[in-house]
Amino acid sequence: MNLRRLLAGGLSLTVLTGALFAAAASPSSGATPIAGEGIMCEPGNGSYTMTAAAGRMTLPDGNTIYTWGYHTPTHDFQNTAPTLCVTVGTPVRVALTNNLTADTSLMFPGMPNVQADGVESAPLSDATGRVTSLAPIAPANGGTVTYTFTPNKPGTYLYESGTDVNTQIEMGLYGALIVRPAASATQAYDDPRTAFEPNREFLHVLSQVDPQIHSDVELGKPVDWSTYSPKYFLLNGRSAPDTVSPNDAAWLPYQPYGSMVHVRPQDPNGGDTLPALVRYINVMNTDAAFHPHGNTERVIAEDAAPLDSAGSGDSSYGSFLVDVGASRTVDAMFTWYDVEKYDPVSNPIPVALSPFQDIILKGTWYAMSPYLGLQQNLPAGITQFNQCGEYYHMAHNHALDKATNYGATFGGQMTLIRIDPLNGCPAK
Amino acid sequence: MNSMITMSPRAIALGAVVALATGALLVSSVATRQDVHAADSNTAVPTSRVMEATAGIRVLSAHSVGDGGIIDLRYQVLDANKASIVEGDVTKTPQITDVDSGAVLHDTAAMRHGHAMRPAGEYFLLYYNQGGSVKPGDFINVSIDGVTLNDVPVT
Amino acid sequence: MTDDTTSSVSPLLSRRNFLRAGVLGAAGTGVAMYASKQAPRAAAAAPTFVPTKTDEVHLVGTDGWVSMPTSAPPVDPYWPDSYAPNPYNMYVFGFRNVTGLSDAQVIAQRGLAQISAPILAFDEGSEVKISLTNLGLSQRPDLVDGHTMHWHGFNNAIPIFDGVPEMSASVPIGKTMIYYYRPHDAGTFMYHCHFEDVEHVQMGMNGLIYVRPKMNADGNRYVYNDARTKYDREFPLYLSEVQPESHWRDAHIQITDWASYDPGFSLFNGRAYPDTLEGTFDPMTVYPAGSQGERLRYQPRGSVITANAGETILLRIASLGYIRHTITLDGVPLHVVGADATQLIGADGHDNSYITNSVAVGPGESRDVLFTAPAPGTYKLYDRNFSNLSNDGGGGYGGMLTEIRVSAPGTLPAQAR
Ligand SMILES: [Cu+2]
Ligand SMILES: [Cu+2]
């Protein structure tokens, strides 16, 4: 232990304390964007370039898997194609280059009048009339194609490869297309009731990986779908707990998209004033039943069709299991209310909480306090610098075999819902 | 089950001495934190042969996640039998101490593996970051069963 | 055959008959924002909750042995399990309701788990205290697994009572934790252990929770606080699957690869057909050797649905299996009025309930389904995914299949509440 270290420690402490005071004076307010959280839109304002390429992904158990994805101006390689956020009425251009050794393409189901290199994007057929690709291709080894369209309906869409679809989607060639209404970027649809809290917009792209298929493709072997057995289940291209790492985490260079949902309670006295919006996309070949703990979500749209068609009444529905059919999308609103407003002094939880030694603490997360915004009863020796006491709930696929990393629980298609106290969490 | 490492007599002796002395703080075998600047993604993660020998694990990384509310500690299992204490013995859960602030974290969530660990597999412990005390750029000491690995960079 | 829907819950639970004069809940009126379903409650600055009554339930978590239909083909070595004591054939984890038992009796239930879990039923506006005691695993003393109580779908849950061990706490062997809830929303919920959930749920620690609406105070029975959801009789139809191989592996100290899930038996209320047609038994009763009661008392609930023609029947369908099921009732129209413990009405009060011949139920989902009992006779209710109609891949019918037995009007007495 040297003097320099002691000095460094003292210095940091001073800086830290200063930061805390500053934070206490002005708690962050509701709509402040949080770096590294929420939906991360590809820069480009409707004009995108991407190059299909081979790369790798890492899983929390240490496995590294050969995948296909895209090189973009912002990422050398990414699993899950760039999230394209566009606006109704604004033309979109996607220039695709293909560095794979197989032909590839992109299709944009739900978009009107898609053009490929200026002509209608229609399935390709061979001389006998059999379909060879669902969209015009960028030929292997450097070919290009440019798709253009002008979205006319807001919503959440899945775009994906239209070529050798089974293999290419398993390998990773899919992504989210978010179309915003022209009226407002903080509404899911034209209906003002679909307004969501700014910067509380989240994306859950559900997909899966069978390492055997990926290995076969890497080795150029024929793919045997009869033994298909996915072992990893991904949210935005990551497997839990990588899902709660921030967007663009340096340690996940090829899996840029996090998926933690982060809100504050809704309350007249602070917190969020509007729900969070969670956009679900299921890329898997099976239906997904996704379970947000903490509260029932309200499903407001399926397949980019708002559940409130004019004149026929509101057909949105509450759901503690958000059903996302294979290749479908669902938009749901999440809110959390501090209904009981438990407070250790004025409104304590009405049952004696078990002595801490009676419940397993290690191997669990527990702020030593069941109260939102408080951490208390800290065992001796624990230094406490500030208080936040945020809540964490989990959100996961309730086909529990898909909430695993190769069978290990607390993994797979799972993320966290973080609920901060009403007045936010002091600066980090 | 084969152990993936063999414990050298020297490592045993060193471990014993340390345990007898003060338990903690002295066992960083490769100090990487040579200067006062903050940890970043280029800072090497130190290793402790003593920890590898006694706990059967190698610490791989420590990251601040969940908007700073969680510290995500990753490790690789070198000896599945020894490593089972990390998740299996709640009295020996690794403890994190922030080098600068002295804050101690020990509330964790673990990825459980159906009661057995896989040699060479990578695992995680997620620490509730009490009060946000550990920040990106900090260094932490990781203690397992009396053995401490110093100066693990947090990014 | 008598109605069995309340017979296996503890005496304490059946006291809910004596509802205090509750406030009549207003039927869902139009609200403008999607956000505002629960907003009026949140707007109250100070807690104003006055529970109508208190329900206290004592659950234990432990392991045990059950019996899948013995006519199914053996799958060597996984099923029947060679460790199973006669007349059982499969290892499980499960809950038991031990409310009111002495300490000695409670401890004696170690190793006597039931599947599916005891049905819990509470009133909206009451307060609920659920004590969970971990009795440990008699077959696996080497394991120190905790158990938890996760009320699946509880709105605005706080983590300490959400039962996710990684987020809060779990109950170690020999300890008890009290979970506290104030159910503010009527509907069909579930509960399950969340400790190493893929394993503990598969092993059997899962079941139903009903929350009955305040509007029941008028003496009728409703699913939600809406006169359109009135019914005469209710029946649980709780769906799950078991994969014999993983149950065997747990009994034999081996590890399951959960990513290769392929269930062998599909269950209604913890039993596979034809056991679904057997009566309802009580885990505390000693039945004659060789009787169905002896074999099925740890899967206590039968699934025969009985009704008088013309009555409105409520099926509380919920699933904690890992695959999707599609329930149909031989040509009888099914009216789905609720999903996931939420009435099917829009934010503007618009009626979104629907009539169908097939009700799809995915993992973790619940459906409240009304139908009018048709003309007297016997009708089949089953999973239209026919792969779930066999027992362990054997011939003939098994799995998710039961019967509706309809009598002439006035034959059966009113169902006990
Ligand atoms: Cu359990
Ligand atoms: Cu659940």
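The structure displayed is predicted, hence computed values, not measured ones.

K.L.:
An account of the overall build of chain A is needed here, citing residue identities and associated values.
P.N.:
Within chain A, the secondary structure is distributed over three helices and 27 strands. Taking all 428 residues of chain A together, 61% fall into the buried category. In chain A, once contacts between residues fewer than 6 apart in sequence are set aside, the share between residues at least 24 apart is 69%. In the structure as shown, chain A presents an accessible area of about 15100 Å², 55% of it carried by carbon and sulfur atoms.

K.L.:
Please provide a residue-by-residue account of the coordination of the copper ion (ligand 1), values included.
P.N.:
Residue and element names in this part refer to chain C. On the protein side, the copper ion (ligand 1) has His147 (ND1), Cys193 (SG), His200 (ND1) and Met205 (SD) as donor atoms, found 2.0 to 2.8 Å from it. Around the copper ion (ligand 1), the four donor atoms sit at angles spanning 84 to 129°, and that spread fits a shape best called irregular. Of note, the copper ion (ligand 1) draws all its donor residues from one chain, in the sequence arrangement H-x45-C-x6-H-x4-M. An identical accessibility class is assigned to cysteine 193 and histidine 200; each is buried.

K.L.:
Help me get a handle on the nonpolar core, residues and values and all.
P.N.:
A general feature of soluble globular proteins is that nonpolar side chains tend to end up buried together. Counting 125 residues, the largest nonpolar core has Ile130(C), Met149(C) and Phe161(C) as its most contacted members. Ignoring sequence-local partners within four residues, the contact set of Phe161(C) consists of Ile349(A), Val351(A), Leu353(A), Met149(C), Met177(C), Ile178(C), Tyr179(C), Tyr180(C) and Tyr181(C).

K.L.:
So what's going on with the coordination of the copper ion (ligand 2)? Residues and values would help.
P.N.:
Note on the copper ion (ligand 2): its protein donors are His398(A) (NE2), His152(C) (ND1) and His192(C) (NE2). The metal-donor distances range over 2.0 to 2.1 Å. Of this pair, His398(A) sits in the loop between strand E24 (391–397) and strand E25 (404–405) while His192(C) sits in strand E7 (residues 187–192), which puts the two residues in different chains. The exposure class of His398(A) is buried, given its relative accessible area of 0%. Classification of His192(C) as buried rests on a relative accessible area of 0%.

K.L.:
Could you give me a rundown of the pairing of strand E9 (residues 233–242) of chain C, with the residues and numbers involved?
P.N.:
Residues in a regular strand point their side chains to alternate faces of the sheet. Residues and elements named next belong to chain C. Along E9, ten of the ten residues are buried, which leaves the element largely enclosed by surrounding structure. Of the strand pairs in this sheet, E9 and strand E12 (residues 312–319) are connected by seven bridges, and their pairing is parallel. Paired with tyrosine 238 across the bridge in E12 is alanine 318. For E9 and strand E10 (residues 265–268), the ladder comprises four bridges, and the chain directions are antiparallel. When the bridges of E10 are listed, leucine 239 appears paired with phenylalanine 268.

K.L.:
Could you give an account of the state of the cysteines, with specific residues and numbers?
P.N.:
Residue and element names in this part refer to chain A. Within the structure shown, the criterion is met by one disulfide over all chains. The disulfide partner of cysteine 41 is cysteine 85, and the S-S distance across this bridge is 2.0 Å. Torsion about the S-S bond of the cysteine 41 and cysteine 85 cystine: about -80°, corresponding to left-handed handedness. With cysteine 41 in the loop between helix H1 (3–25) and strand E1 (47–58) and cysteine 85 in strand E3 (residues 81–87), this residue pair connects regions lying 44 residues apart in the sequence. Note on cysteine 41: relative accessible area 31%, which makes it partly exposed. Looking at cysteine 85, the relative accessible area reads 14%, which means it is buried.

K.L.:
How would you summarise unusual backbone geometry if you had to cite specific residues and measurements?
P.N.:
One can expect most non-glycine residues to show negative phi and most peptide bonds to be in trans. For the bond running from Asp76(C) to Pro77(C), omega is 0°, close enough to zero to count as cis. Its place among the elements puts Pro77(C) in the loop between strand E1 (54–66) and strand E2 (90–97). The residue Ser327(A) is not glycine, and still its phi comes out positive at about 60°. You can see Ser327(A) is positioned in the loop between strand E22 (322–324) and strand E23 (329–334). Accessibility expressed as a relative area gives 44% for Ser327(A), which makes it partly exposed.

K.L.:
Would you mind going over the packing of aromatic side chains in detail, with residue names and values included?
P.N.:
Residues and elements named next belong to chain C. Using the criterion set out here, one finds 28 aromatic pairs over all chains in the structure. Centre to centre, the rings of tryptophan 151 and tyrosine 181 are 4.8 Å apart; their planes meet at 55°, and the pair counts as tilted. Of the two residues, tryptophan 151 sits in strand E5 (residues 150–152) while tyrosine 181 sits in strand E6 (residues 176–181), which places them 30 residues apart along the sequence. By relative accessible area, which is 3% here, tyrosine 181 ends up buried. Centre to centre, the rings of phenylalanine 154 and tyrosine 181 are 5.3 Å apart; their planes meet at 55°, and the pair counts as tilted.

K.L.:
How would you summarise the pattern of salt bridges if you had to cite specific residues and measurements?
P.N.:
Under the counting rule described, the total for this entry stands at 37 salt bridges over all chains. In this structure, the salt-bridge partner of Arg328(A) is Asp303(A), at a minimum N-O distance of 2.7 Å. Highlighted residues: Arg328(A) in the loop between E22 and E23 and Asp303(A) in the loop between strand E19 (297–302) and strand E20 (305–306), separated in sequence by 25 residues. In this structure Arg328(A) comes out as partly exposed when scored by relative accessible area, which is 34%. For Asp303(A), a relative accessible area of 34% gives the class partly exposed. Between Arg418(A) and Asp420(A) there is a salt bridge, with the nearest N and O atoms lying 2.8 Å from each other. Considered together, Arg418(A) and Asp420(A) belong to a single accessibility category, that of buried residues. When salt bridges that share partners are traced, they join Asp287(A), Asp323(A), Arg324(C), Asp340(C), Glu365(C) and Arg367(C) into one network.

Thresholds, definitions, all that
Residues numbered from 1 in each chain as written. Chains lettered and ligands numbered in written order. Predicted model: local features only at pLDDT ≥ 70, side-chain atom pairs only at ≥ 80, totals over all residues. Heavy atoms only, no water. Helix = DSSP H or I, 4+ residues; strand = E, 2+ residues; numbered from the N terminus. Buried < 20%, exposed > 50% of the residue type's maximum accessible area, 1.4 Å probe, protein only. Contact = heavy atoms within 4.5 Å. Areas by Shrake-Rupley, 256 points an atom, 1.4 Å probe, with all protein chains shown as cover. Donors = N, O, S within 2.8 Å, 3.2 Å for Na, K, Ca; no water. Tetrahedral: all angles 85-135°; square planar, octahedral: opposite > 155°, others 65-115°. Core = buried A, V, L, I, M, F, W, Y, C linked by side-chain atoms within 4.5 Å. Pairing = 2+ DSSP bridges. Disulfide = S-S within 2.5 Å. Phe/Tyr/Trp six-rings, centres within 6.5 Å; stacked < 30°, edge-to-face > 60°. Salt bridge = Lys/Arg side-chain N within 4 Å of Asp/Glu carboxyl O.

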